[in-house]
Amino acid sequence: MFTLRFDRNRFERNVKELILRKVVETQLKKVKLNETDLKSLTEFEELEKKYTSEAYLQLNEEIAKIGRELQAMGKETAMSATSQYRTELKRKYESLLEQKKKFDILKSRYDQLKKLHNTWIASGRLEELKNLAYAPPDLTDPKAMIGYLRQYGAYTGMNKFLFNIKELSIGTTYPVYSPLTLNGTQIFGGNFEWNPGIFFLGASAGKIQSSIPFALDTSNAQFRQKMAALRVGLGKTYGSHIYLTGAHFWDLDDTTNFRYGQEFYPESAWLGSSDFMISIGKKRGVEWSGEIAGLFRNQNTRDTLAPVFNLQSQFVEKNLKPNLSSSFDIAANSLLKFNLFNGNSQLEIGSQFVGPGFIHPGAFGLRNDVWRKDARWIQQLNGNKLKLTGKYITERDNFSDAKSITTNMNQYGVDVDLNYSKFPQTRFSVDRINLKNTLYTYQTNLINLLLNKNFKISKKSSANTMINGMYYFTKTDSLNQDIHSYYIAVQQSFSLPAKISLQLGGQYAKNAVATVNTQITSYNINVGKLFSKKVKLTAGANYYNNVKDNKLRISPRYQRQSHSQHATQL
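Residues numbered from 1 in each chain as written. Predicted model: local features only at pLDDT ≥ 70, side-chain atom pairs only at ≥ 80, totals over all residues. Heavy atoms only, no water.

Visitor: Before we go on, may I ask you to explain the overall build of the protein in this structure?
Guide: In terms of helices and strands, the protein carries eight helices and 22 strands. Across the 570 residues of the protein, 32% fall into the buried class. The long-range fraction of contacts in the protein, counting pairs at least 24 apart against all pairs at least 6 apart in sequence, stands at 50%. When the accessible surface of the protein is split by element, carbon and sulfur atoms take 57% of a total near 35,600 Å². (Helix = DSSP H or I, 4+ residues; strand = E, 2+ residues; numbered from the N terminus. Buried < 20%, exposed > 50% of the residue type's maximum accessible area, 1.4 Å probe, protein only. Contact = heavy atoms within 4.5 Å. Areas by Shrake-Rupley, 256 points an atom, 1.4 Å probe, with all protein chains shown as cover.)

Here's what the structure looks like:
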């Protein structure tokens, strides 16, 4: 497998460097044209700091105080001790007067600049000069990047074409269109996504899975399957839009040995979807997104029996070729999001329904025959360094009554995220999950803690520590027993001089059901050396231990940047 891909991230980095270079060049030209006034402004601000500072006020107060004291001492009878003190006091007084004299020399210049400053305020010139101060542009928003490119005349030619390409890859690719259509499925072929202006075009095609020849066990066999998808619409992927997606998946029924009478048949599926997002306000105060999809599936393309229903449509019969093995189902999702208080608070309300027959290879892992509803409140505090999330989720399944039982699930919990530079990045979560149907109930309490911290050891070396711990307690009436599970993992990595890396880790897991305990312990160590930008040599050892098994594995590995990889395990 190989991949030839347009590196969008690298292209955006190059664009940002271009924009920053143009900003600096423009800024320097403006500064040069206004150099005289900027120097005057800088001089005025420095003098103003001096004349309004505590040091200048204290200087005047000290001179007046010493002057009064010398005047009072002049009326007193001279004594040796008094005479010595008077001399020291007079010397200090003269030094302060010398300092004040220097201040007074600049006072006339300050008064002159103050008049000029007042003139600038009245004419608006002051604001113009202050805007010349360099401030790096915010390039996190693609819209802002396009604006700067247009401003500097760089949004033309290849820059314009490449900027509108969201994805271009040939070989092994993982297209992501939407959660209900294509959602990261591996395809060996090609994928292209283009978004010039408000128009969007996406297309992908290729092999989605390889064939496995017919064996004694037909459940392990599969035909080679291909796919093609097209996605068109209006709007930006990161803003308001409406897109239409169509996809076709089909088995090549001559790619493996097939025998009639087996439970193994070539399949095909047609998929159609419409998804949208509506964003309201400059700061996206309200966002509403959703998708609805329909799936026509033929579970046996060799089934020639006519369907029991009459579609009265030659187009459908000619292209979809329905028969007794055909089925149709739908899926839909929706998410309403409120960004409140300058984005520091978010309220999310979502829902997703996936029908029992909505199964296709474009979205592996998508749960079907389930209706899920959830709500979340996300609160960010202290400059987004502290984030609190409260959540509630409910699910129900068995809409076709194909299962013997119907299960309801309710989950609620709290997540706490801490991101302070002096402390480890921390994520702490507590959840309660309730499962209930006519046969059994489960009540699970889940606690999870994740800590991550980077350390700088020296100029050329650093370290990272990660700790992940989890505990859950389950009470159920199906076993009439309590279940306790513990898990902890520690990973320590070092980046050392001479391009050497070192990783140490350990894991411990325990599952206890009544008096039955199961424990798993493992340790690992890996050492790597980067010889060049393309060649890396690593060696590692892993020890695994449980009640019945002990394993030690040693694995040297040689790796090249071209993704070709050679490994030997002992």
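Visitor: Just checking my understanding: could you explain the environment of tyrosine 471 for this structure?
Guide: Here tyrosine 471 shows up in strand 16 (residues 461-476). Put simply, tyrosine 471 and serine 485 are 14 residues apart on the chain and 5.7 Å apart in space, counted from C-alpha to C-alpha. Excluding its chain neighbours within four sequence positions, the residues that come into contact with tyrosine 471 are Asn445, Leu446, Ile447, His484, Ser485 and Tyr486. Of the polar contacts made by the side chain of tyrosine 471, one reaches the side chain of histidine 484; its length is 3.0 Å. (Polar contact = N/O pair within 3.5 Å; in protein donor to acceptor, adjacent residues only side chain to side chain.)

Visitor: Just to check I follow, could you spell out the layout of surface pockets for this structure?
Guide: Gaps between atoms show up when a probe of the same size as a water molecule is rolled over them. In this structure, the largest pocket occupies an estimated 590 Å³ of space. Taken together, 29 residues make up the lining of the largest pocket; nearest its centre are Pro179, Ser289, Gly290, Asn333 and Leu335. Elements with a contribution of two residues or more to the lining of the largest pocket: strand 6 (241-252), strand 7 (268-280), strand 8 (286-298), strand 9 (326-340), strand 10 (345-354) and strand 11 (370-381). The leading source of residues in the lining of the largest pocket is strand 8, at five residues. Across the lining of the largest pocket, the residue classes tally to nine nonpolar, eleven polar and nine charged. (1 Å grid on protein atoms, 1.4 Å probe; cavity = no way out; pocket = protein on both sides within 12 Å on 5 of 7 lines; lining within 4 Å. Points joined across faces, edges and corners; volume = space filled by probe spheres on them. Nonpolar A, V, L, I, M, F, W, Y, C, P; charged D, E, K, R; others polar.)

Visitor: What is the right way to look at the pattern of salt bridges in this model?
Guide: Side-chain pairs of opposite charge can arise where the charged atoms are in close proximity. Per the counting criterion, the structure on display carries 14 salt bridges. With a shortest N-O distance of 2.9 Å, aspartate 275 and arginine 231 are connected by a salt bridge. Taken as a pair, aspartate 275 in strand 7 and arginine 231 in strand 5 (residues 224-235) lie far apart in primary sequence, 44 residues in all. Classification of arginine 231 by relative accessible area gives buried; the value is 4%. With a closest N to O distance of 3.2 Å, lysine 403 and aspartate 397 form a salt bridge. According to the relative accessible area criterion, lysine 403 is partly exposed, its value standing at 38%. Each of Lys391, Asp415, Asp417, Arg427 and Asp431 takes part in salt bridges that share partners, so that together they form one network. (Salt bridge = Lys/Arg side-chain N within 4 Å of Asp/Glu carboxyl O.)

Visitor: Whenever I open this one, the side chain of aspartate 329 confuses me. Can you help?
Guide: For aspartate 329, the location among the structural elements is in strand 9. When residues no more than four places from it in sequence are discounted, the contact partners of aspartate 329 are Ala293, Gly294, Leu295, Gly355, Pro356, Gly357 and Phe358.

Visitor: Teacher, can you tell me more about the nonpolar core here?
Guide: The nonpolar side chains of soluble globular proteins are, as a tendency, buried together. Core analysis: the largest hydrophobic core is formed by 16 residues, its most contacted members being Leu182, Met227, Ala229, Phe249, Leu271 and Phe358. Secondary structure elements with two or more residues in this core: strand 5, strand 6, strand 7 and strand 8. (Core = buried A, V, L, I, M, F, W, Y, C linked by side-chain atoms within 4.5 Å.)

Visitor: Before we go on, may I ask you to explain unusual backbone geometry in this structure?
Guide: The phi torsion of most residues other than glycine is negative, and most of the peptide bonds are trans. A positive phi angle, close to 55 degrees, is found at aspartate 401, a residue other than glycine. For aspartate 401, the position within the fold is in the loop between strand 12 (386-397) and strand 13 (408-418). Located in the positive-phi region is alanine 498, a residue other than glycine, with phi close to 65 degrees. Of note, alanine 498 is situated in the loop between strand 17 (481-496) and strand 18 (500-513).

Visitor: Got a minute to help me understand the environment of tyrosine 392 in this structure?
Guide: Of note, tyrosine 392 is situated in strand 12. Put simply, tyrosine 392 and asparagine 410 are 18 residues apart on the chain and 7.5 Å apart in space, counted from C-alpha to C-alpha. When residues no more than four places from it in sequence are discounted, the contact partners of tyrosine 392 are Lys373, Asp374, Ala375, Asn410, Gln411 and Tyr412. Engagement of the side chain of tyrosine 392 in a polar contact is seen with the side chain of asparagine 410, the distance being 3.0 Å.

Visitor: What am I meant to see in the environment of arginine 367 here?
Guide: With respect to the element layout, arginine 367 can be found in the loop between strand 10 and strand 11. Residue arginine 367 is classed as partly exposed on the basis of its relative accessible area of 48%. Excluding its chain neighbours within four sequence positions, the residues that come into contact with arginine 367 are Val354 and Glu395.

Visitor: Is there a simple way to think about the packing of aromatic side chains in this case?
Guide: When we look at a pair of aromatic rings, we describe it by the centre distance and by the angle of the planes. According to the stated counting rule, one finds six aromatic pairs in the structure shown. Centre to centre, the rings of phenylalanine 276 and tryptophan 288 are 4.9 Å apart; their planes meet at 75 degrees, and the pair counts as edge-to-face. Of the two residues, phenylalanine 276 sits in strand 7 while tryptophan 288 sits in strand 8, which places them twelve residues apart along the sequence. Tryptophan 288 sits in the partly exposed class, given a relative accessible area of 39%. Taking 5.4 Å as the distance between ring centres and 85 degrees as the angle between the ring planes, the aromatic pair formed by tyrosine 440 and tyrosine 442 counts as edge-to-face. The exposure class assigned to tyrosine 440 is partly exposed, which follows from its relative accessible area of 25%. By relative accessible area, tyrosine 442 is classed as partly exposed at 24%. Sitting above the plane of the tryptophan 371 ring, lysine 373 keeps its charged end 4.6 Å from the centroid. (Phe/Tyr/Trp six-rings, centres within 6.5 Å; stacked < 30°, edge-to-face > 60°. Lys NZ or Arg CZ within 6 Å of the ring centre and 35° of its normal.)

Visitor: What's the story with the confidence of the model for the protein in this structure? I'm lost.
Guide: Residue-level pLDDT values for the protein average 81, and 82% of them are 70 or greater. Per-element confidence in the protein ranges from a low mean pLDDT of 39 for strand 22 (residues 565-567) to a high of 96 for strand 10. A low-confidence stretch, residues 562-570 (pLDDT under 50), is modelled with 18 contacts involving residues beyond four sequence positions or located in other chains. (pLDDT = per-residue confidence, 0-100.)

Visitor: What is the right way to read the pairing of strand 13 from this model?
Guide: Only one face of strand 13 is buried, namely the one carrying Met409, Gln411, Gly413, Asp415 and Asp417, since none of Asn408, Asn410, Tyr412, Val414, Val416 and Leu418 on the opposite face is buried. In this sheet, strand 13 lies alongside strand 12 in antiparallel orientation, the contact comprising eleven bridges. Residue pairing in the sheet places glutamate 395 in a bridge with methionine 409 of strand 13. Remark: six residues form the turn of the hairpin made by strand 13 and strand 14 (residues 425-436), two consecutive strands paired antiparallel. (Pairing = 2+ DSSP bridges.)

Visitor: Would you take a moment to explain the side chain of threonine 444 for this structure?
Guide: Examined against the element boundaries, threonine 444 turns out to sit in strand 15 (residues 441-458). Among the polar contacts listed, one links the side chain of threonine 444 to the side chain of threonine 474, at a separation of 3.0 Å. In this structure, threonine 444 is in contact with Asp431, Arg432, Ile433, Tyr472, Phe473 and Thr474, ignoring residues within four places of it in sequence.

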